[in-house]
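# Per-entry structural report
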Amino acid sequence: MNKVVDSVLDKYSAKVYKNRKKHILDLENETEEIDANRRTMPGMLTHRGCCYAGCKGVVLGPIKDIVLLTHGPIGCGYYSWGTRRNKASVQEGEGNFIQYCFSTNLGESDIVFGGEKKLKAAIKEIVDIFDPKAIFICSTCPVGLIGDDISAVAEETKKLYNIECISFPCEGYKGVSQSAGHHIANNKIIKSIIGTKEYTPKTHSVNILGEYNIGGDSWEIERVLKRIGYEIISVMTGNGSIDEMSKAHNAELNLVQCHRSINYIAEMMKIQYGTTWLKVNFIGVDGIVSSLRDMAKFFNDPAITARTEEVIAEELEDIKEDMEYYKNKLTGKTAALYVGGSRAHHYQLLLNDLGVETVLAGFEFAHRDDYEGREVIPTIVEDADLKNIEVLQVEKIEGKYKEFKSEEEIEELKKTITDLENYEGMMPDMTKGSIVVDDLNQYEAEEFIKKLKPDIFFTGIKDKYTIQKGGVLSRQLHSYDYSGPYAGFKGAVNFGRDVTMGLYTPAWGFTVAPWKKESILEGTFGGEA
Ligand code: CFM
């Protein structure tokens, strides 16, 4: 094992060491499997979120024309209110409730006597004041513990007010991270929304799955796709609407940007509606160009192919000067990335464009397939936590199933499009000698920073400031620190500008890390010697 990894793990007690060792790979010497999607050991300062965060905050949060009601104590709603920067634009006559925080504000007496009454009262208030097309109810931990029947309330709401009402039993404790919440949201979306409205696309049509319009990313992606001539039926769920999602099954191809959060829908749509999916990456110039070319190969229409090359050439010309400037400034710098379940991979490509080398990358809650590629899925060992989340069994829906390409054609295309219905994961794209860490905790983050000394650490709000106090620049890859978009061609320039500005600010040289001035407490982890 690599000396740096060894010295970080060294502090742990035998029990903790044994656990954490399986989550850290040094790509110089080890290419074996990584342990992922497992419960964090109690006592670790993990950066993971909960199941409710993945369902309510991540997948459902960006849908603008529905009311998203949190059934639980006020803190759950409050802390998931407006922090993800999933932007939305509204057309005349369309509802937009994204800026609101709806909560049933459960208190102690509701926990004792039941919260359904309060839930029904909140729904009545929502209908009276906002009259939305649909209400989604998301439950948080105490609701699951006391057993409020949110699905019965949803059924009653439908009859009473003649509106759509869907219940999401996404109590925070389910699963081991927000990943469980993605799955629960995916299951309900496929069951209750997709496939409920018919529509005939006007030209080659796609859905963009796993794109949440953080900082305006999907607007930049859509701009490019529209220039080429594609019709976008639905973006799930960035700037999303329930109407668009209902029609999604009419598209010819599903583009999957974030594999982790939405691969379930992609797979289920394939079975139910015959929709082929393509793993894309619209982050980083090489990523976008190869994704656009893969799409052109799939549609195999000479007009689209020619237009794809035209648009690529024009867009590249447009950003050439800026990208060269930033590349000059950034070449030779090193970076560490620690994000949720897909960005630590995607942003490595953009960093490559700018000459920045990745020395460490990790995911909070990704599964082994996101690290190692989908071919490892059959070998993933299930534990009790994983079995807690329902795996929907879906079937072909006669009358709605459309085969735009035959299975033989798809198999043929897979020979030249490696990402067609496939994701090869993050690790194959990383250089030898770099380090991969799953569920990186606060202690490890600080230690790796000290030892690897990256010029920049891309992460989130929980560790940004401790890193910066250590004199290392940190940019948030979840929220983009009030900036963005970073996707697409124009996004690459924004990213280059922000990283350059950050690195060239003299502030980091003035910061003296606390451990450089005073001795720090020594302790052991796990309560053992
Ligand atoms: Fe997918 Fe995301 Fe991510 Fe994610 Fe997230 Fe996010 Fe993320 Mo924050 S859906 S896995 S649960 S790309 S909110 S937009 S940035 S941790 S890497």
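So, how was this worked out
Residues numbered from 1 in each chain as written. Predicted model: local features only at pLDDT ≥ 70, side-chain atom pairs only at ≥ 80, totals over all residues. Heavy atoms only, no water. Helix = DSSP H or I, 4+ residues; strand = E, 2+ residues; numbered from the N terminus. Buried < 20%, exposed > 50% of the residue type's maximum accessible area, 1.4 Å probe, protein only. Contact = heavy atoms within 4.5 Å. Areas by Shrake-Rupley, 256 points an atom, 1.4 Å probe, with all protein chains shown as cover. Lys, Arg positive; Asp, Glu negative; His and termini not counted. Charge placed at Lys NZ, Arg CZ, Asp CG, Glu CD. Patch = residues over 30% accessible without salt bridge, like charges linked within 9 Å, V, L, I, M, F, W, Y side chains within 5 Å. Salt bridge = Lys/Arg side-chain N within 4 Å of Asp/Glu carboxyl O. Core = buried A, V, L, I, M, F, W, Y, C linked by side-chain atoms within 4.5 Å. Pairing = 2+ DSSP bridges. Right-handed = clockwise from strand over helix to strand, strands pointing away. Axes fitted to C-alpha atoms, helices over the stretch in contact; angles between N-to-C directions. Near = heavy atom within 4 Å. Nonpolar A, V, L, I, M, F, W, Y, C, P; charged D, E, K, R; others polar. Phe/Tyr/Trp six-rings, centres within 6.5 Å; stacked < 30°, edge-to-face > 60°. Lys NZ or Arg CZ within 6 Å of the ring centre and 35° of its normal.

## Concerning the overall build of the protein
A tally of regular secondary structure across the protein gives 23 helices and 14 strands. Over its C-alpha atoms, taken along the principal directions, the protein stretches across nearly 65 × 65 × 45 Å. Taken over 529 residues, the protein has a buried fraction of 56%. Long-range contacts, defined as pairs at least 24 residues apart, comprise 76% of the intrachain contacts of the protein with a sequence gap of at least 6. Summing over all exposed atoms, the protein offers an accessible surface of approximately 22,700 Å²; the carbon and sulfur share of this is 53%. In the protein, the 63 positive side-chain charges and the 80 negative ones have mean positions that sit 3 Å from each other.

## Points about a nonpolar patch on the surface
A grouping of Ile-74, Tyr-78, Tyr-79 and Trp-81 is seen on the molecular surface, where their side chains present a nonpolar patch of about 490 Å² in accessible area. As for its placement among the helices and strands, Trp-81 is situated in the loop between helix 4 (74-79) and strand 3 (102-103). The class of Trp-81 is partly exposed, set by a relative accessible area of 39%.

## Considerations on the nonpolar core
One finds Leu-60, Phe-136, Leu-225, Leu-255, Leu-292 and Phe-495 to be the most contacted residues of the largest nonpolar core, which totals 111 residues. Among the elements that take part in this core, helix 13 (residues 285-299) stands out by supplying eight residues, more than any other. With residues up to four places along the chain from it excluded, the contact list for Leu-60 reads Cys-55, Leu-68, Phe-136, Cys-138, Phe-168, Ala-185 and Ile-189. Counting residues in each nonpolar core, the second largest holds 21 residues, with Tyr-12, Val-16, Ala-336 and Val-437 among its members.

## What about the pairing of strand 14 (residues 473-476)?
Because side chains alternate across strand 14, one face comprises the buried residues Leu-473 and Arg-475, and the other comprises Ser-474 and Gln-476, equally buried. As defined by bridge partners, strand 13 (residues 456-459) adjoins strand 14 across four bridges and the pair is classed as parallel. Following the sheet pairing, Phe-457 is matched in strand 14 by Ser-474. At this point the chain moves from strand 13, through helix 20 (residues 461-469), to the parallel strand 14, and the crossover so formed is right-handed.

## So, the sheet that holds strand 12 (residues 435-438)
One open sheet holds the six strands; their spatial order is 1-12-11-10-13-14, and the pairing between them is mixed. Two strands bound the open sheet, and with one partner strand each, they are strand 1 (24-26) and strand 14. Across the sheet, the mean angle from the axis of one strand to that of its neighbour is 15°, orientation sign disregarded. Summarising the sheet, strand 11 (residues 357-363) and strand 12 pair through four bridges and their orientation is parallel. Pairing of Ala-361 across the sheet is with Val-436, part of strand 12. Across the sheet, helix 19 (residues 442-452) is in contact with strand 1, strand 11, strand 12 and strand 13; its angle to strand 12 comes to roughly 170°.

## Notes on the site of the ligand
Looking at the ligand, there are 14 residues lining it, with Arg-84, His-182, Cys-258, Ser-342 and His-478 nearest. A breakdown of the residues in the shell around the ligand according to their chemical character gives six nonpolar, six polar and two charged.

## Thoughts on the sheet that holds strand 4 (residues 134-139)
Taking strand neighbours across the sheet as the criterion, the four strands line up as 3-2-4-5 in an open arrangement whose pairing is parallel. Looking at strand neighbours, the two that pair on one side only are strand 3 and strand 5 (164-168), the edges of this open sheet. In this structure, strand 2 (residues 67-71) lies alongside strand 4, joined through five bridges in parallel fashion. Across the sheet, residue His-71 finds its bridge partner in strand 4, namely Ser-139. Most of the contacts of helix 3 (residues 51-60) go to strand 4, to which it runs at about 155°, and overall it touches strand 2, strand 4 and strand 5.

## Here's the deal with the packing of aromatic side chains
Centre distance and the angle of the planes are the two values used to describe a pair of aromatic rings. Counting across every chain of the model gives 18 aromatic pairs. Where Tyr-347 meets Phe-495, the ring centres are 5.5 Å apart and the plane angle is 45°; that geometry is what we call tilted. A residue pair is termed long-range when its members are at least 10 positions apart, and Tyr-347 in helix 15 (residues 343-353) and Phe-495 in helix 21 (residues 488-503) qualify at 148 residues. Assigned by exposure class, Tyr-347 and Phe-495 land together as buried. Every member of this aromatic cluster is reached through a ring pair, and the members are Tyr-347, Phe-458, Tyr-480, Tyr-486 and Phe-495. Looking at Lys-247, its charged tip hangs above the ring of Tyr-199, at a distance of 5.4 Å from the centre. Just above the ring of Tyr-504 sits the side chain of Lys-329; from NZ or CZ to the centre is 5.0 Å.

The values are spatial; any link to function lies outside them.
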